[in-house]
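Descriptive analysis of the structure
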Amino acid sequence: MVTQHTRAQHAQSITSRAQDYAQWYLDIIAAADLAEHGDVKGTMIIKPYGYAIWERMQHILDDKIKETGHQNAYFPMFIPKSFLSREATHVEGFAKECAVVTHHRLMNNPNGEGVVVDPESKLEEELVVRPTSETVIHAAFARWIKSWRDLPLLINQWANVVRWEMRTRLFLRTSEFLWQEGHTAHATEADAEEEARKMLDMYAWFAREVLAMEVIPGEKSESERFAGALRTYTIEAMMQDGKALQSGTSHNLGQNFAKAFEVKFLDQDNQQQYCWMTSWGVSTRLMGALIMSHSDDKGLVLPPEIAPYQVVVLPLWKKEEEKAAVMEQVSALREQLQHVGVRVHIDARDYETFGTKVYGWEKKGVPVRIEIGPRDLAQNQVMMARRDTGEKKSVAIDQVASEISTVLEAMQKALFASSQQRLQERTVTVDSYETFKTQIETGGFFLALWCGSAECETRVKEETKATIRCIPFEKQQQNGKCMICNAATSEQVIFARAY
RNA sequence: CGGGGUGUGGCCCAGUUGGCUAGGGCACCUGGUUUGGGACCAGGGGGUCGUGGGUUCGAGUCCCACCACCCCGACCA
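Residues numbered from 1 in each chain as written. Chains lettered and ligands numbered in written order. Predicted model: local features only at pLDDT ≥ 70, side-chain atom pairs only at ≥ 80, totals over all residues.

**Details of the overall build of chain A**
Note the threshold: In DSSP terms, a helix is any run of H or I states spanning at least four residues, a strand is any run of E spanning at least two, and both are numbered starting from the N terminus. Radius of gyration: over C-alpha atoms. The globule rule applied is 2.2 Å multiplied by the number of residues raised to the 0.38 power. Here exposure depends only on C-beta density: within 10 Å of a residue's C-beta, 20 or more other C-beta atoms make it buried, 12 or fewer make it exposed, and intermediate numbers make it partly exposed, the C-beta atoms being placed from the backbone. Each residue is represented by a C-beta atom placed from its backbone, and any two residues with such atoms within 7 Å are regarded as in contact.
Looking only at helices and strands, one finds 16 helices and 27 strands in chain A. Against the globule reference of 23 Å for 499 residues, chain A gives a C-alpha radius of gyration of 26 Å, in line with a compact fold. By principal-axis analysis of the C-alpha atoms, chain A measures approximately 80 × 65 × 55 Å. Within chain A, the fraction of its 499 residues that count as buried is 39%. In chain A, the share of contacts with a sequence separation of at least 24, taken over all contacts with a separation of at least 6, comes to 67%.

**Quick look at the domain arrangement of chain A**
A common way to state how big an interface is: give the accessible area lost once the parts meet. For the record, the criterion: The domain boundaries here were taken from an automatic or database domain assignment.
One can read the domain layout of chain A as domain 1 (34-294), domain 2 (311-407) and domain 3 (427-496). Summarising the inter-unit geometry, the C-alpha centres of domain 1 and domain 2 are found 42 Å apart.

**Notes on the sheet that holds strand β20 (residues 381-386)**
Put simply, the test is: One bridge is not enough; two strands pair if DSSP finds at least two bridges between them. Axes, fitted as lines to C-alpha atoms, cover a helix only where it is in contact. Angles between the N-to-C directions of the axes lie from 0 to 180 degrees.
In space, the 5 strands of this open sheet follow the order β18-β17-β19-β20-β21, with mixed pairing throughout. Two strands lie at the open edges of the sheet, namely β18 (344-346) and β21 (392-396), each paired on one side alone. Direction aside, neighbouring strands of the sheet carry axes that sit 25° apart on average. Bridge count for β20 against β21 is 5 bridges, and the pairing is antiparallel. Bridge pairing in β21 places M383 opposite S394. On top of the sheet, helix α11 (residues 320-339) reaches β17 (311-315), β18 and β19 (368-372); it is set at about 170° to β17, its chief contact.

**As for the confidence of the model for chain A**
Put simply, the test is: For every residue, the predictor assigns a confidence score, pLDDT, that lies between 0 and 100.
This prediction gives chain A a mean pLDDT of 91; 95% of its residues lie at or above 70. Both confidence scores are given for the complex: pTM 0.94, ipTM 0.85.

**A look at the nonpolar core**
Where a protein is soluble and globular, its nonpolar side chains tend to be buried together. Rules: By convention in this section, buried Ala, Val, Leu, Ile, Met, Phe, Trp, Tyr and Cys residues joined through C-beta atoms within 7 Å make up a nonpolar core.
Ranked by size, the top nonpolar core spans 120 residues in total, and within it L211 and F495 carry the most contacts. Per-element accounting of this core gives the leading share, 10 residues, to helix α8 (residues 189-210). Setting aside its immediate chain neighbours within four residues, L211 contacts F206, L286, A289, L290, P303 and I306.

**Remarks on the sheet that holds strand β4 (residues 78-80)**
Pairing is antiparallel in the open sheet, where 3 strands are placed in the order β4-β8-β5. Two strands bound the open sheet, and with one partner strand each, they are β4 and β5 (100-103). Averaged over all pairs of adjacent strands, the angle between strand axes in this sheet comes to 40°, irrespective of strand direction. Relative to strand β8 (residues 122-129), β5 is paired through 3 bridges, and the arrangement is antiparallel. Of the residues in β8, the one forming a bridge with V100 is V128.

Shown next as structure tokens:
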């Protein structure tokens, strides 16, 4: 075991220290300086560089959400306990993981030691810290919606939510997380269904085009369905170890919540109707997906679309007079790149060695690194290195802007292609449960026929820890037998172990 | 809650059958030399050894209790 690290040793430490994939994942987060554990167990402090990545996600998603006709709003984080219980399945699904506010005041400890909760300040009704906002938002919808003219009502909220999970992991499952939750109300079942599917499509687009991450869109089985929903749709991504990560969900809530919260409208025939509703969301879990999809042994690898800095420039010099000339060239380059919309950062720290800076930015996953020194100046060129392939070459100074655009585009495509290839190669069709049981050990997605019974689903989970990730929208239609019980069926599903 | 493990500067650890002023590496600060793939020299700052008891002339070390955290199981975006 490595107990001491010289700088040189640290170069290999991301993987050499890693006992397993989970440790490797945490090492990447630490090395890239993305986040750390919060003071309360299960919480997470997102550090500036990590948050900058989340802000890129927010920015791009927010634009897309607005483009599709939704408006942002904000609702309270405290939910009266009674709200939660109005929809029976919903409260059942979340009851075990709710943080509850019971008092509103502290007082000096009578024994003189610090402060204690003032028993006099007990709340009439306890408040639940939102694990999700359907209930508060639907209570508001009930007041806002009167007529068919008010529909569809398309609302989105950026917020934090709290779910008191037993076991947590940075980004993937923290007690508190940041997300976007869309909530909509529609006049017809068809409209709600269309909305739920449309927003799932948006997530799939985002995962593929922005995060360069291949996903399988599909429907959740009943046991994995959102508490209170009619149908739950999901995009499932595959991490580098072959395990699945649910990366976004969209729910058709039917009229369940509308009935519980009296969300009604008068239709064109002056008849009272319950609304058809949806909700959908993605969270900071996407950060985990991003990290696990593309990172390598040198650290994080960021697709250019999401990278806070797409290019980092390292100026080099020995003498002061060289510095002036180099920095002049660097500023000119920065203007040139900013002009074409490239996010660029100049690292002119002179108290770090060149190597330290190079390794630092590689760990942070910056797509392109440019080096400019006296040698380059003399030849009117720069050195350009690409993060994913490691390819390094010199480029004429007047070609840099166009070359960078080309490289960023190529890297975005290459990362997606490799994610796509991984998912394709590691998705196999199985019909024998015995084969499945041995192959699941090494990860991957397994396309299999399933009879639809919870018994078979549970048995697989108990025996192999694998779950039905989704019933994919795209599948080869085939009739056959359930992999587990041999009952006749044509339902094709994806089994995998998941995070 | 069940099983396993760990607690010594910010991080990783050493500290022998109890012994004298608690150490090292990384990181940090100052000065100098360096800088095209993780620099070097010199000096320096930073510690209630998880907490509370006990044994002892003497406890980081032995004993007891407690606490915290990590890993594995039941929950999940």
